[in-house]
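Structure assessment
Listed here are the chains, written in short residue letters.
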Amino acid sequence: MGPRTRLIVNADDLGLHPSLDAGILRAHRDGIVTSATLLSMGPSAAEAVGRAKAEGLPVGVHLALSTRLPCAAPADSVRTVAPGGRLRGSWADFAKAWLTGRVRREELERELTAQLSRARELGAEVDHLDGHQHLHLLPGVRSVVEGIAAREALPLRWPDALPRAEWLRAPGPALKTTVLAVLARTAPRARPGVRRVSAGGVFEAGRLDEPALLAVLDALPAGDFELGCHPGEGAPHVPEDPAWRYGWDAELAALTSPRVKAKLAERNIALASYGALG
């Protein structure tokens, strides 16, 4: 038997909204999702952790610095990270504040550590870390997150995808994904004790319909990969980010598609979780 391909299919934003939680859990129960990452301060996080445990869905922590979520640390101890007790509205808002020196490093570490602790308090058996909107790729933020990952002996999701021409159809997301792709590719080596897991196709998020997913699976070589996704049911209004619009239903349909399951079998791709990869 030749080299094999193993694929983690990780759904982001567990705990942000009941409709998203329902889509993630259905994509696990009826589809190919093998892992999810929790926004531990999300409005539905407590219930989502319980349901994930009941359904055997492994959970990591989606370390957040944006999307107006409440802070996990005491508000007066993280004022530069969460002005007024809430994180900044967008990835660009945080990046600008961080890169202009308005966020204190020690407060950043305090908040992210508190989010991990909160997830465990809710009952999550955390098996990996990653960054909401991939803000852990920012210079300086990266070293803080890698420090937490090393201390906790947790693998760290590391998106690794190059920009493509079709991203230009949506200039705002295209700018974000291009910047983050360059940061991911040019980052220094991980510090000792940190295992970065590269994420094939992670920047398909929001556009992972059935044709896109089939194309990703067809292109996977032998090795271990992780694919990020955002399934959901309906078109929820997310108060923490009212302008947010994703193809939640299309991603759910793709992740539960019989054609996608058949493609996995055809390519002999084994589904896995972070814990299964060791």
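Being a predicted model, the structure only gives us computed values, none of them experimental. (Residues numbered from 1 in each chain as written. Predicted model: local features only at pLDDT ≥ 70, side-chain atom pairs only at ≥ 80, totals over all residues. Heavy atoms only, no water.)

All right, on to the packing of aromatic side chains then. Evaluated as defined, the whole model comprises one aromatic pair. For the ring pair Phe-94 and Trp-98, a centre distance of 6.2 Å and an interplane angle of 15° mean the geometry is stacked. Here Phe-94 pairs with Trp-98, and both are found in helix 3 (residues 91–99), just four residues apart, close to one helical turn. When its relative accessible area of 0% is taken as the criterion, Phe-94 is described as buried. (Phe/Tyr/Trp six-rings, centres within 6.5 Å; stacked < 30°, edge-to-face > 60°. Helix = DSSP H or I, 4+ residues; strand = E, 2+ residues; numbered from the N terminus. Buried < 20%, exposed > 50% of the residue type's maximum accessible area, 1.4 Å probe, protein only.)

Okay, the pairing of strand 2 (residues 35–38) next. Alternating residues of strand 2 divide into Ser-35 and Thr-37 and Ala-36 and Leu-38, and every residue in both groups is buried. Of the strand pairs in this sheet, strand 1 (residues 5–14) and strand 2 are connected by three bridges, and their pairing is parallel. The partner of Asn-10 across the bridge, within strand 2, is Ser-35. At this point the chain moves from strand 1, through helix 1 (residues 18–29), to the parallel strand 2, and the crossover so formed is right-handed. Examined bridge by bridge, strand 2 and strand 3 (residues 59–63) share three bridges and lie parallel to one another. Along strand 3, the bridge assignment pairs Ala-36 with Val-59. As a crossover connection, the stretch from strand 2 through helix 2 (residues 45–54) into strand 3 is right-handed. (Pairing = 2+ DSSP bridges. Right-handed = clockwise from strand over helix to strand, strands pointing away.)

Okay, the pairing of strand 3 next. Within strand 3, five of the five residues are buried, which leaves it mostly tucked inside the rest of the structure. As paired elements, strand 3 and strand 4 (residues 126–131) share four bridges and run parallel to each other. Pairing of Val-59 across the sheet is with Val-126, part of strand 4.

All right, on to the nonpolar core then. Counting 75 residues, the largest nonpolar core has Phe-94, Leu-108, Leu-129 and Leu-213 as the members making the most contacts within it. With sequence-adjacent residues up to four places away left out, Leu-129 is seen in contact with Val-61, Leu-63, Leu-116, Ile-148, Ala-149, Leu-154, Pro-155, Leu-156 and Arg-157. (Core = buried A, V, L, I, M, F, W, Y, C linked by side-chain atoms within 4.5 Å. Contact = heavy atoms within 4.5 Å.)

Per-residue pLDDT for the chain averages 84, and the proportion of residues at 70 or more is 81%. The low-confidence segment residues 182–187, where pLDDT is below 50, has eleven contacts with residues more than four positions distant or belonging to other chains. Note on residues 199–204: pLDDT under 50 across the span, and 23 contacts to partners over four residues away in sequence or across chains. (pLDDT = per-residue confidence, 0-100.)

What follows concerns the pattern of salt bridges. Taken as a whole and judged by the stated rule, the model has 13 salt bridges. Across the pair Arg-259 and Glu-210 runs a salt bridge, and its minimum N-O distance is 2.9 Å. In this pair, Arg-259 is assigned in helix 9 (residues 258–267) and Glu-210 in helix 7 (residues 210–219), connecting sequence segments 49 residues apart. With a closest N to O distance of 3.4 Å, Lys-263 and Glu-266 form a salt bridge. Placement of both Lys-263 and Glu-266 in helix 9 is noted, with a separation of three residues, approximately one turn of the helix. The exposed category is assigned to Glu-266, whose relative accessible area is 58%. Overlapping salt bridges, with partners in common, bring together Asp-12, Asp-130, Arg-157 and Glu-226 in one network. (Salt bridge = Lys/Arg side-chain N within 4 Å of Asp/Glu carboxyl O.)

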